[in-house]
Amino acid sequence: MADSKRNVDDAADFETAIAECGFGLFNILMMCCAVPCLSAMVFSASSMSYVMPTAECDLQLTPFDKGLLNAVTYGGMILSAIPWGFLADTMGRRVVLIWGGWIDGIFVLCAALCQDSTQLMVFKFLDGLIICGPFAVVVSYLAEFHGKKHRPYIMLFVGLCVSAGATFVPILAYLLLPVHLFFSVGQMNFHTWQIFLIVTALPSLMSGFLHIFLPESPKFLMAQGQYNKALESLQRIYAVNKHKTRDTYPVKRLTDATPDRSDVFNLPRQPTSRWERFTRAKLKFLEGVGQLKPMFSKPYLCISLQVYCLHFCQIMCVNSVRLWLPQIFATMHTFEMQGINDTSMCNVLDHNSQVRSMDSESMRRECDLHQDPGIYTDNIIVASVGIVGFVIIFPLMRISLVANHILSESHKGVSLSLSRGKSLQPLSLFVAEVFLFLCVFLAGGLYFAESALVTMIIASIYLTMMGVCATTIIGMSVVMFPTLMRTMVLMLIMTFGRLGSVAGNILLPVFMQISCHAPFLWLVALMSIAFIFSIFLRVDVLQPLA
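Colleague: Even after reading the chapter, I still don't get the pairing of strand S2 (residues 188-191), so can you show me in this structure?
Modeller: As paired elements, strand S1 (residues 182-185) and S2 share four bridges and run antiparallel to each other. When the sheet's bridge partners are listed, valine 185 is paired in S2 with methionine 188. Taking the residues that link successive antiparallel strands as the turn, the S1-S2 hairpin has two residues, and the phi of glycine 186 there is positive, at about 65°.

So, in structure tokens, the structure goes:
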């Protein structure tokens, strides 16, 4: 014991140092600060699908305009992923969370002030351009403040926040959008959907404000060679969690593979010429590029390609279903209001795939029908099931008895030991594989849904399982890659997912016009490919953060 204590007092690596901080009030406050950031991403990606029925009347949107409004946010996310990843891995997590949150909130507010579809497209593009940075960074940020013991629960928390955000959007739509509001300020007219967008800007602004009070990631500071600042950050966590003074923190010196450069960073800054500042910035850029070279070599290249392809397929399937659900439920609701008995999926998709020309009076009746609060109820239930799924499934993965039983049954004759982290694969990955396999049949089962109730049940189970799979893959990615390339890899994973979202929502209407069977055969094929990729993915989630 004495030798162990002396070693901690002398020097400690990151895992030892963060374990000494424990889990307490600081971690809870940190997760509370992350909630608005995680919710803001969901709001940016989903808000337009709920305001479209109202906005198409006020802005006189054509089908092409609506397609662009759905695509521009994802387009902005795709274009900015690599720059945000580079900034986060070279300048720090905290600065991205603060400025990214504020700037995104301003752009969403500007979108709410727009008076025509072109302005709205521009600011929704800028919204997507900014929000993907803080969202990806906050995942790394949370992981780097927790040790091996608590890190798996962080992905449970992330999944819960995303599910809660997805539930709150239709609830907010249910409360606001059916209310007919109109007022003018000068030459600007405001409608209900603009008030809705103003509310969705609040999480981004709140996120930027709250992260002012949090320190920089100690793991990032160690990777940059700023050991003194990293130690100060760890001491602050320890003091809040343990209710003791910072001087009592047992770790006095940090050790890592990165050379300690604290003396260089602590030197007083002298006035420099413009050329010297440019040279310094150039060297920092080249140093950052050099840090990313391992991404393109073994073993990281093979692993990352598997994860990219897996995430591309599963997110293409998820968003092809999720983003069409509000329209599908609205169509079924329309059929019920009009007394149409045939609510089969074929009839619903056929109704949505046809381009219909309507006069102004028909458009007004259609919009009023879409604004009925009942069309949002099914979406609220589907999103709520996602929350219940995360609450039930993720804790079960962390129960040793359950984990050992499931893994021992799935690997007969193989000696496993979860307590020592020696299993062939983590339980979370095994569960993801099972869920992907089941989702192959659920995706095909949507074809046989002939009522809103059956559609809601199948879609709820499908989206919940796929949400668990996507969160699991992202959570394992945090562990698989080193600190200085972790955020970049997360950005690329999400970029491939967004590419899948764009591709899926472009291809789905094409398949719908071919036949009502084609979209479901396509979804089943994609789910099968995702399942095959998951079989060959292996990772030790209990390894220390590199």
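Colleague: Sorry, what's going on with the nonpolar core here?
Modeller: Inside soluble globular proteins, nonpolar side chains tend to come together where they are buried. Of all hydrophobic cores here, the largest spans 58 residues; its most connected members are Val138, Leu142, Tyr249 and Leu254. Those residues in contact with leucine 254, other than ones at most four positions away along the chain, are Ala12, Ala17, Met222, Tyr227, Ala230, Leu231 and Leu234. Ranked by size, the runner-up nonpolar core spans 55 residues in total, among them Cys317, Trp324, Ala432 and Leu537.

Colleague: Sorry if this is basic, but what is going on with the packing of aromatic side chains here?
Modeller: A ring pair, where both rings are aromatic, is described by two values, the distance of the centres and the angle of the planes. One pass over the full model with this rule turns up 13 aromatic pairs. With a centroid separation of 5.4 Å and 50° between ring planes, the pair formed by phenylalanine 437 and phenylalanine 531 is classed as tilted. On the criterion of sequence distance, the pair formed by phenylalanine 437 in helix H20 (residues 427-445) and phenylalanine 531 in helix H23 (residues 518-535) is long-range, its members being 94 residues apart. Residue phenylalanine 437 is classed as partly exposed on the basis of its relative accessible area of 40%. Taken together, Phe26, Tyr141 and Phe145 form an aromatic cluster joined through their ring pairs.

Colleague: Just to check I follow, could you spell out the packing of helix H5 (residues 93-112) against helix H6 (residues 117-143) for this structure?
Modeller: How two helices pack is summed up by the angle between their axes together with the distance between the axes. Contact geometry of H5 with H6 gives a least axis separation of 8 Å together with a crossing angle of 155°. Our classification of the angle between H5 and H6 gives roughly antiparallel. Seen along the crossing, H5 lies across H6 with a hand that is left-handed. Classifying every residue of the contact of H5 with H6 gives 16 nonpolar, four polar and four charged.

Conventions and cut-offs
- Residues numbered from 1 in each chain as written.
- Predicted model: local features only at pLDDT ≥ 70, side-chain atom pairs only at ≥ 80, totals over all residues.
- Heavy atoms only, no water.
- Pairing = 2+ DSSP bridges.
- Helix = DSSP H or I, 4+ residues; strand = E, 2+ residues; numbered from the N terminus.
- Core = buried A, V, L, I, M, F, W, Y, C linked by side-chain atoms within 4.5 Å.
- Buried < 20%, exposed > 50% of the residue type's maximum accessible area, 1.4 Å probe, protein only.
- Contact = heavy atoms within 4.5 Å.
- Phe/Tyr/Trp six-rings, centres within 6.5 Å; stacked < 30°, edge-to-face > 60°.
- Axes fitted to C-alpha atoms, helices over the stretch in contact; angles between N-to-C directions.
- Parallel < 35°, antiparallel > 145°, perpendicular 65-115°, else oblique.
- Left-handed = near helix turned anticlockwise from the far one by under 90°.
- Nonpolar A, V, L, I, M, F, W, Y, C, P; charged D, E, K, R; others polar.

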